[in-house]
Amino acid sequence: MTNYLDNFTYLPNKQAGKVSLNSIIYRLDSRIKFLFSLFFIFFVVFTPPSYFIKFLFYFIFILIIAITSGIPLLYILKRSLVIIPFVLLIGIFIPFLKNGEIAGSYNFRLFKVTVTYEGLVIFWNIFIKAFLSALALIILSATTQFNSLLEGLKKLRIPFIFIMILSLMYRYLFIIQEKVILIDRARKLRSFKGKKKSIFLSQARVFGNIIAMLFIKSYNQGEQIYTSMCLRGFTGDTKTLDRLKINGYDILFLSLSLVCMVIIRLIIK
Amino acid sequence: MKAIECHNVSYLYPNGLKAINGIDFVVEENETLGIIGPNGAGKTTLFLALCGIIPFEGEIKICNTELTKSNVQSIRKDLGFVFQNPDDQLFMPTVYEDVAFGPINLGFSKEKVYSCVKKALLDVGLSGFEDRITHHLSFGEKKRTALATVLSMSPKILLLDEPTSELDPWAKNRFIELISKVEGTKIIASHDLQMIIDLCDRIMLLNKGRILEITGNTKDIKELYNKFNL
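The structure presented is a predicted model; accordingly, all values stated were derived computationally and were not measured. (Residues numbered from 1 in each chain as written. Chains lettered and ligands numbered in written order. Predicted model: local features only at pLDDT ≥ 70, side-chain atom pairs only at ≥ 80, totals over all residues. Heavy atoms only, no water.)

**Focus: the overall build of chain A**
- Helix and strand content of chain A: twelve helices and two strands.
- Helices (α) and strands (β) of chain A occur, in sequence order from the N terminus, as α-α-α-α-α-α-α-β-β-α-α-α-α-α.
- For chain A, with 269 residues in total, the buried portion stands at 38%.
- Accessible surface for chain A amounts to roughly 16500 Å². Of this, 70% is attributable to carbon and sulfur atoms. (Helix = DSSP H or I, 4+ residues; strand = E, 2+ residues; numbered from the N terminus. Buried < 20%, exposed > 50% of the residue type's maximum accessible area, 1.4 Å probe, protein only. Areas by Shrake-Rupley, 256 points an atom, 1.4 Å probe, with all protein chains shown as cover.)

**Quick notes on the overall build of chain B**
- Per the secondary structure count, chain B includes nine helices and ten strands.
- Taking 17 Å as the expected radius of gyration for a compact globule of 230 residues, we find that chain B reaches 17 Å, a close match to that expectation.
- For chain B, the computed accessible surface area is about 9900 Å², with 48% contributed by carbon and sulfur atoms.
- Of the charged side chains in chain B, 26 are positive and 30 negative; the average position of the first set lies 1 Å away from that of the second. (Rg over C-alpha atoms; globule rule 2.2 N^0.38 Å. Lys, Arg positive; Asp, Glu negative; His and termini not counted. Charge placed at Lys NZ, Arg CZ, Asp CG, Glu CD.)

**Here we look at the interface of chain A and chain B**
- At the junction of the two partners, chain A supplies 31 residues and chain B supplies 32 residues.
- At the boundary of chain A with chain B, the tally comes to two salt bridges.
- Between glutamate 97 of chain B and lysine 154 of chain A there is a salt bridge, and its shortest N-O distance comes to 4.0 Å.
- Here the side of chain A that touches chain B is built from residues that sort into 15 nonpolar, ten polar and six charged. (Contact = heavy atoms within 4.5 Å. Salt bridge = Lys/Arg side-chain N within 4 Å of Asp/Glu carboxyl O. Nonpolar A, V, L, I, M, F, W, Y, C, P; charged D, E, K, R; others polar.)

**Focus: helix 5 (residues 73-80) of chain A**
Residue and element names in this part refer to chain A.
- Turning to helix 5, its buried residues are Tyr75, Ile76 and Ser80. End-on view of helix 5: buried residues confined to an arc of 130 degrees, all on one side of the axis. Facing away from the buried side of helix 5 by over 90 degrees, the exposed positions are Leu74 and Lys78.
- Lining the buried residues of helix 5 we find helix 4 (52-69), helix 6 (83-91) and helix 8 (117-143). (Arc of directions from axis to C-beta.)

**A look at unusual backbone geometry**
Residues and elements named next belong to chain B.
- Phi is positive for serine 154, close to 45 degrees, though the residue is something other than glycine.
- Here serine 154 shows up in the loop between helix 6 (139-151) and strand 7 (157-161).
- Phi is positive for lysine 208, close to 50 degrees, though the residue is something other than glycine.
- Residue placement: lysine 208 occurs in the loop between strand 9 (202-207) and strand 10 (210-215).
- For lysine 208, a relative accessible area of 69% translates into the label exposed.

**Let's talk about the sheet that holds strand 9 of chain B**
All names here are of chain B.
- One open sheet accounts for six strands, arranged 6-7-8-3-9-10; its pairing is mixed. A single partner strand is all that each edge strand has here, and the edge strands are strand 6 (79-82) and strand 10. The mean inter-strand angle of the sheet, taken between neighbouring strand axes irrespective of direction, is 15 degrees.
- Here strand 3 (residues 32-36) runs beside strand 8 (residues 185-189); their pairing, made up of four bridges, is parallel. Opposite isoleucine 35, over in strand 8, you have alanine 189 as the bridge partner. (Pairing = 2+ DSSP bridges. Axes fitted to C-alpha atoms, helices over the stretch in contact; angles between N-to-C directions.)

**Concerning the side chain of serine 10 of chain B**
Residues and elements named next belong to chain B.
- On the secondary structure map, serine 10 appears in strand 1 (residues 2-12).
- The class of serine 10 is buried, set by a relative accessible area of 6%.
- A polar atom in the side chain of serine 10 sits 2.9 Å from the backbone nitrogen of glycine 22.
- Once residues within four sequence positions are removed from consideration, serine 10 is found in contact with Ile20, Asn21, Gly22, Phe56 and Glu57. (Polar contact = N/O pair within 3.5 Å; in protein donor to acceptor, adjacent residues only side chain to side chain.)

**A few points about the side chain of threonine 164 of chain B**
- With respect to the helices, strands and loops of the structure, threonine 164 of chain B is situated in the loop between strand 7 and helix 7 (169-181).
- A relative accessible area of 6% places threonine 164 of chain B in the buried class.

**Observations concerning the nonpolar core**
Residues and elements named next belong to chain B.
- Ile36, Leu147, Ile188 and Ile196 are the most contacted members of the largest nonpolar core, which has 41 residues in total.
- Of all the secondary structure elements, the ones that give two or more residues to this core are helix 4 (95-105), helix 5 (110-123), helix 6, strand 7, helix 7, helix 8 (193-199), strand 9 and helix 9 (221-227).
- When near neighbours in sequence (up to four residues on either side) are disregarded, isoleucine 188 contacts Thr32, Leu33, Gly34, Ile35, Phe47, Leu160, Pro163, Ile179, Met195, Ile196, Leu199 and Cys200.
- Ile35, Ile54, Val72 and Leu79 belong to the second largest nonpolar core, which has 37 residues in total. (Core = buried A, V, L, I, M, F, W, Y, C linked by side-chain atoms within 4.5 Å.)

**Some words on the packing of aromatic side chains**
All names here are of chain A.
- The tally for this structure, following the rule as stated, stands at 17 aromatic pairs over all chains.
- On the basis of an interplanar angle of 55 degrees and a centroid distance of 5.4 Å, the ring pair of phenylalanine 36 and phenylalanine 253 is categorised as tilted. Residue phenylalanine 36 is located in helix 3 (residues 30-45), and its partner phenylalanine 253 is located in helix 12 (residues 248-267); the two are separated by 217 residues in the primary sequence.
- Ring geometry for phenylalanine 52 and tryptophan 124: centres 5.3 Å apart, planes at 55 degrees, overall tilted. Taken together, the positions of phenylalanine 52 in helix 4 and tryptophan 124 in helix 8 put the pair 72 residues apart, joining distant regions of the chain.
- Judged by relative accessible area, phenylalanine 52 falls into the partly exposed class, the value being 45%.
- One aromatic cluster is present, built from ring pairs that chain together Phe36, Phe40, Phe52, Phe55, Tyr58, Phe61, Trp124 and Phe253. (Phe/Tyr/Trp six-rings, centres within 6.5 Å; stacked < 30°, edge-to-face > 60°.)

Purely geometric stuff here, so don't read any function into it on its own.
So this is what it looks like as structure tokens:
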């Protein structure tokens, strides 16, 4: 079964009691949730890295939102781990390369490695900001059905072409994923170790072919969809439906959240 | 009135293969034409040419209007093409939005769009599916939704490419019943000979891009295959 981003917003999960139907966050308008996430990310990103207490409060704040949403905390934390490879890729060498006050130095025979405080602060800066932003986005995607998020974005005047790309990407990502699973199954059923020592190495060429084939398949699928859109009168115009409504609770939630974030940013030292 | 007229229609693939070659036929209004033939006979290519998707040679008239580059958009309003694979046809997040895509593009008012979608979903037996996510539907439901996306535009001519392929016998019977209830001109390309016998007034046998025979004698359909050694 494919694991959709907005899995928790579907009925079977709700009925299984995994999430609370009455959660305030679920009932919020998707635009409000999107704006909340955007503001939260802005506040986090524009906070200097040395204000450790502020980051602690931001973390507590987003944790309260996560608890209120009723999504299992373990699920949110697990999902947030996906950012770690990216953070490591960007920041792992900074503590070793940045000049400044030396925090420690290590000798590996020919090489001498030093870690600086300035480098560590930059690494911390990347890590904590990426982590907190990821938490906000996970809560947004887990509590909002993707189509209502897209509808919200349309209402926020995000250019239609971006929304269309997002919509098609989300729609077809899972179809391509299913294709990958099927192709991989077919590959496994006909893959044998034979005389070779490593099945992975012997299959490297096969993986290359699979990737190329997926590229062609997705290209063909794109062509078909465009044909289907043209046949139903698509000319590139922005014609959409209008079904979202903001109520008093939505405004109250956004205002209170903004007040909290401003307090953390300006008052807490 | 003639719904479709094709005169000497051909299409050459970029690799030099002639997918359809000198196709000549006429479909009367409210007639159901079945197109049969082996894989690669040119059935889908013919449909694409009728919709003006591929640049064909020859002449195609839809409802007495010649299909040209300049009027292809307006002519497509009269045509409803249901693809073989519903995943190629359903691209919006929810069933409602997908079925509403055509009517919205036709410039209908919000109320008219709503009533068109409601009616189309009712016709295909999917009332109440409006907020369902398209990629969570079963294959049979996707097929019916794909039909609804076209019916919501009330086309005069319905083109169905392999409508019953990959459906279980129950879903297949239900889908055939649905098609039989749809009014208007229909062209059905299929390998399902029994369905063609049940639904069609005339049959066209295609092979290697050429018409081998067009006959009104639908009962002897299997003999047609034998006659041409297919």
